[in-house]
Each structure stands twice: as structure tokens, then as C-alpha cells.
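Residue-level structure breakdown
In case you want the letters, here they are:
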Amino acid sequence: MKAISAYTFALVVTGLLFTVAAVSVYDVQSSHLLENKTVAGHPVLENLSSEPGIVEVELTASKERISLRPGVETDVYAYNRQVPGPMLEAQEGDSVIVHFRNELEEETT
């Protein structure tokens, strides 16, 4: 088994592109469809910073198993145990700090 990697990186939001698409959100613990949502209504990562203009989040990549149809389990890559992963919400000009934890067996960059 690969050792778990943890990274922290920072970036600045210089432009925004908005997309609205239908997604199905699955709970990887129970393999149940939570609900169909649009990106605008998708779960948002919690901002850990109390400073204005700073968005600080934790993101974990992991391999999970979910049932997309009865009796059939599928391996998926999930972020924060969600498929699709949570949305990062930031405004143009914000500094973003991501604490990333890789729990996959593969290296990530």
C-alpha cells in the first residue's frame, strides 16, 4: 500500500468561468443517489479562513466503491468521499489555499 501524501498549495483566482450542468451526487458510504443537482446547487467546500479574500479548504482524493445500478459495484475516484467532488467557491482576486491529501494508491500531481 502506498504511503498517503499531503500537499498544501496556494493560488489566486484571476478569472471565473461559470458552468451549469446536471450532476448526480452519490454518497459513497451507502451508494445511494442523494439527489440530482446543478453545479450551482452542488455542495461547497467549507472555507476554513476567517480572513476576507482568503479561501482555505481541505480536499482528499480517495478510491471508493459505489453502486450505480442494483447489484453492481464500481470503483470510483472521489473527492471528500463525494462523486462528483465538492465545489470550491471563490471570487476573482481571492487567494486560495488548498490542503490536499492523496489517499489513492497512485501518485498525483
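The present account deals with the structure reproduced in this document.

Calculation rules
- Residues numbered from 1 in each chain as written.
- Predicted model: local features only at pLDDT ≥ 70, side-chain atom pairs only at ≥ 80, totals over all residues.
- Heavy atoms only, no water.
- Helix = DSSP H or I, 4+ residues; strand = E, 2+ residues; numbered from the N terminus.
- Buried < 20%, exposed > 50% of the residue type's maximum accessible area, 1.4 Å probe, protein only.
- Contact = heavy atoms within 4.5 Å.
- Areas by Shrake-Rupley, 256 points an atom, 1.4 Å probe, with all protein chains shown as cover.
- Salt bridge = Lys/Arg side-chain N within 4 Å of Asp/Glu carboxyl O.
- Polar contact = N/O pair within 3.5 Å; in protein donor to acceptor, adjacent residues only side chain to side chain.

Another point: the overall build of the protein. Counting its regular elements, the protein contains zero helices and seven strands. Start at the N end of the protein and walk to the C end: the helices and strands fall as β-β-β-β-β-β-β. Burial analysis of the protein (109 residues in total) assigns 29% to the buried set. The long-range share in the protein, meaning contacts at least 24 apart out of those at least 6 apart in sequence, stands at 60%. Counting only carbon and sulfur atoms, one obtains 53% of the accessible surface of the protein, whose full area is about 7,400 Å².

Another aspect to go through is the pattern of salt bridges. Taken as a whole, this structure holds five salt bridges when the rule is applied. For Asp75, the salt bridge goes to Arg65, with nearest N and O atoms at 2.5 Å. Within this pair, whereas Asp75 is found in strand E5 (residues 72-79), its partner Arg65 is found in strand E4 (residues 54-69), the two being separated by ten residues in sequence. One salt-bridge network, held together by shared partners, links Lys63, Arg65, Glu73 and Asp75.

Tracing the backbone through its elements, the reader meets Asn102 in strand E7 (residues 95-102). There is a polar contact of 2.8 Å between the side chain of Asn102 and the backbone nitrogen of Leu104. Within polar-contact distance, the side chain of Asn102 engages the backbone oxygen of Glu106 at 2.9 Å.

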